[in-house]
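An overview of the molecular structure
As a plain string of letters, each chain reads:
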Amino acid sequence: MRKTSVYLPEGLKRSLAEVAARSGLSEAQVVRLAIERELASSDRDRRPPDRPVPGRLVGIGVGPGDPGLVTISALAALRRADRVVAPSTSVDAVGRAEMIVRQAAPDVVVERLVFEMAPDRAARDGAVVRAAERVAACLQSGEEVAFITLGDPLVYSTFAGVSRAVRDLRPGTVVEHQPGIMAFQALAARTGTVLADERQAILVRTALSQDDLEADLHRRDVTLVAYKGGKRLPEVAAAVERAGRSRAAVAGELLGMGGERLGALAEMSAGPASYLATVIVPAEEDGQ
Ligand SMILES: C[S@@+](CC[C@H](N)C(=O)[O-])C[C@H]1O[C@@H](n2cnc3c(N)ncnc32)[C@H](O)[C@@H]1O
C-alpha cells in the first residue's frame, strides 16, 4: 500500500466521519472503497459488458450438517479451489460450515472471514465489505476462491451479500454456485414429511415476524417452512396450534450435528431452541 494525502472540505470530512462511524470501517477504508467504486464504474463504462476479470468466486452449499449430505460436485469444487473461505464470528471460532467441511474433506484448509453478528445494520454491512475486500484481493491475484455456506448458498445466506459486494468492487467477477441440500429438505426426509403434492405449494419464510407467520398459517394448501425461529419456538408452536395445524407439524434442531433433536413440533417447543432450528407445517390434504 502507498500513502496519499488529500485535502477535504469541512462538509465532506464530516460526512466521511459519519459514514465511517455508522459502518464500523475506518475513514481510510471508506475513502479507499469510494475510490475503488468510482474507478470500477468508469472502467465498467469503458469495458465491453461482461468481460470477465481474473479469478473466480464460487459459493458452495455444504448442506445442513451431516457431512454425508455434501454433494460430490461441492467436494470437487472445494478441492479445485485455490482458497476456501468460511464465515466465522471470530478468528478462533470454527463456524458450522467449516465444521462440516472438516468432516467431509479433512484435506481442505479453511480460512475464516470474521463477520460481526452485531444487531446494528451498519456494523454488519461493514463486516460484509471487509470480507469482500479480502476475497477481492485474492481474486485479483487470479485465485479461484470458494466461499462455503450452510445449506444452499442462495437461500438466506451471507454469500449473497458478499458476492454482491465483491462484484461492486470488481465488476465482471465470474461467480458460480454449487447448490446445497437445505435444512428443511433434511428435516422432511428424516421425519418422512411430504412437502407437497401437485395441488400444494411450499412457502419458505423466516419466523422473525409473528404477524407474517400467522397470516401465512391461514393458507392451508401451503406447506409452511419456518427458518430462524429457534429462539421463539414456543410462540411459533402456539401460533401453529391456534391455526389448528399442529397435528403434522415437525421441528428439527441442529440437524446432522452434535445435540440434534427432531420430532413433533408440539413436543419440541417447551422452551427456546438453537438458532439452527427449522419448522415444517405441512399443507392439509383438503386445504382451501
Ligand atoms: C442463515 S439461514 C441458512 C439457511 C441455509 N442457507 C439453507 O439453505 O438451509 C439459518 C437457518 O437455517 C436453518 N438451518 C440451517 N441449518 C440447520 C440445521 N442443521 N438444523 C436445523 N435448522 C437449520 C435454521 O432455520 C437457521 O435459522
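Throughout, a residue's number is its position along its own chain's written sequence, starting from 1. Local features in this predicted model are restricted to residues whose pLDDT is 70 or higher, and side-chain atom pairs enter the listing and the counts only when it is 80 or higher, whereas totals over whole chains, interfaces and linings include all residues.

1. Side note on the sheet that holds strand S9 (residues 261-264)
- The strand order across the open sheet built from five strands is S6-S7-S10-S8-S9, with neighbouring strands paired in mixed fashion. What marks the edges here is a single partner per strand, and that holds for strand S6 (201-206) and S9. Going across the sheet, the axis of each strand differs from the next one's by a mean of 15°, ignoring polarity.
- Note on pairing: DSSP must find at least two bridges between two strands before they are called paired. By the criteria applied, helices consist of DSSP H or I runs no shorter than four residues and strands consist of E runs no shorter than two, each listed in order from the N terminus. Where strand S8 (residues 250-253) lies against S9, four bridges are found, and the strand directions are antiparallel. Residue pairing for S9: Gly-252 is matched across the bridge by Leu-262.
- Each residue gets a C-beta atom placed from its backbone, and two residues are in contact if those atoms lie within 7 Å. Angles run from 0 to 180 degrees between N-to-C directions of axes, and those axes are lines fitted to C-alpha atoms, restricted for helices to the stretch in contact. With respect to the sheet, helix H7 (residues 183-191) is in contact with S6, strand S7 (222-227), S8, S9 and strand S10 (277-281), its orientation differing from that of S10 by roughly 65°.

2. Some points on the site of the ligand
- Using a C-beta atom placed from the backbone, a residue is described as near a molecule or strand when that atom lies within 6 Å of it. Near the ligand lie 23 residues; those nearest to it are Gly-151, Met-182, Ala-183, Tyr-227 and Leu-255.
- Only S8 and S10 provide two or more residues apiece to the shell around the ligand.
- In the shell around the ligand, the residues fall into 13 nonpolar, seven polar and three charged.
- Residues lining the shell around the ligand come from more than one domain, with at least three contributed by each of domain 1 (49-178) and domain 2 (183-281). Just so you know the grouping, Ala, Val, Leu, Ile, Met, Phe, Trp, Tyr, Cys and Pro go in nonpolar, Asp, Glu, Lys and Arg go in charged, and all remaining residues, Gly too, go in polar. The split into domains, and so the bounds of each, comes from an automatic or database assignment of domains.

3. Quick look at the domain arrangement of the protein chain
- Split into domains, the protein chain comes out as domain 1 (49-178) and domain 2 (183-281).
- Its C-alpha centre places domain 1 at a distance of 28 Å from the equivalent point of domain 2.
- Contacts between the two partners involve six residues from domain 1, matched on the other side by seven residues from domain 2.
- Tallied by class, the residues present in the side of domain 1 that touches domain 2 amount to three nonpolar, two polar and one charged.

4. Focus on the nonpolar core
- One finds Val-135 and Ala-146 to be the most contacted residues of the largest nonpolar core, which totals 71 residues.
- Counting residues per element, this core draws most heavily on helix H5 (residues 121-140), at eight residues.
- The residue makeup of this core includes at least three contributed by each of domain 1 (49-178) and domain 2 (183-281).
- Sequence-distant contacts of Val-135, that is, excluding residues within four places in its chain, are made with Leu-57, Val-85, Val-145, Val-162 and Val-166. Joining buried Ala, Val, Leu, Ile, Met, Phe, Trp, Tyr and Cys residues through C-beta atoms within 7 Å gives a set, and that set is a nonpolar core. Any residue with 12 or fewer other C-beta atoms within 10 Å of its own C-beta is exposed, any with 20 or more is buried, and the rest are partly exposed; the C-beta atoms used are placed from the backbone.

5. Some thoughts on the environment of Ala-188
- Among the structural elements, Ala-188 can be located in helix H7.
- Ala-188 sits in the buried class, given 22 other C-beta atoms within 10 Å.
- Once the C-alpha coordinates of Ala-188 and Ala-251 are considered, the two residues, 63 residues apart in sequence, prove to be 9.4 Å apart.
- Residues in contact with Ala-188, not counting those within four places in the same chain, are Thr-193, Leu-195 and Ile-280.

6. Re the packing of helix H8 (residues 210-217) against helix H9 (residues 233-242)
- It is at 10 Å that the axes of H8 and H9 come closest, and there the two elements cross at 30°. Taken as axis vectors, H8 and H9 run roughly parallel relative to one another. Two packed elements cross with a definite hand, and for H8 against H9 that hand is right-handed. Residues Gln-210, Leu-213, Glu-214 and Leu-217 of H8 pack against Glu-235, Val-236, Ala-239 and Val-240 of H9. Note on angle classes: values under 35 degrees are labelled roughly parallel, values over 145 roughly antiparallel, values of 65 to 115 roughly perpendicular, and the remainder oblique. Crossing handedness is read from the near helix: turned anticlockwise from the far helix by less than a right angle, it gives a left-handed crossing, and turned clockwise, a right-handed one.

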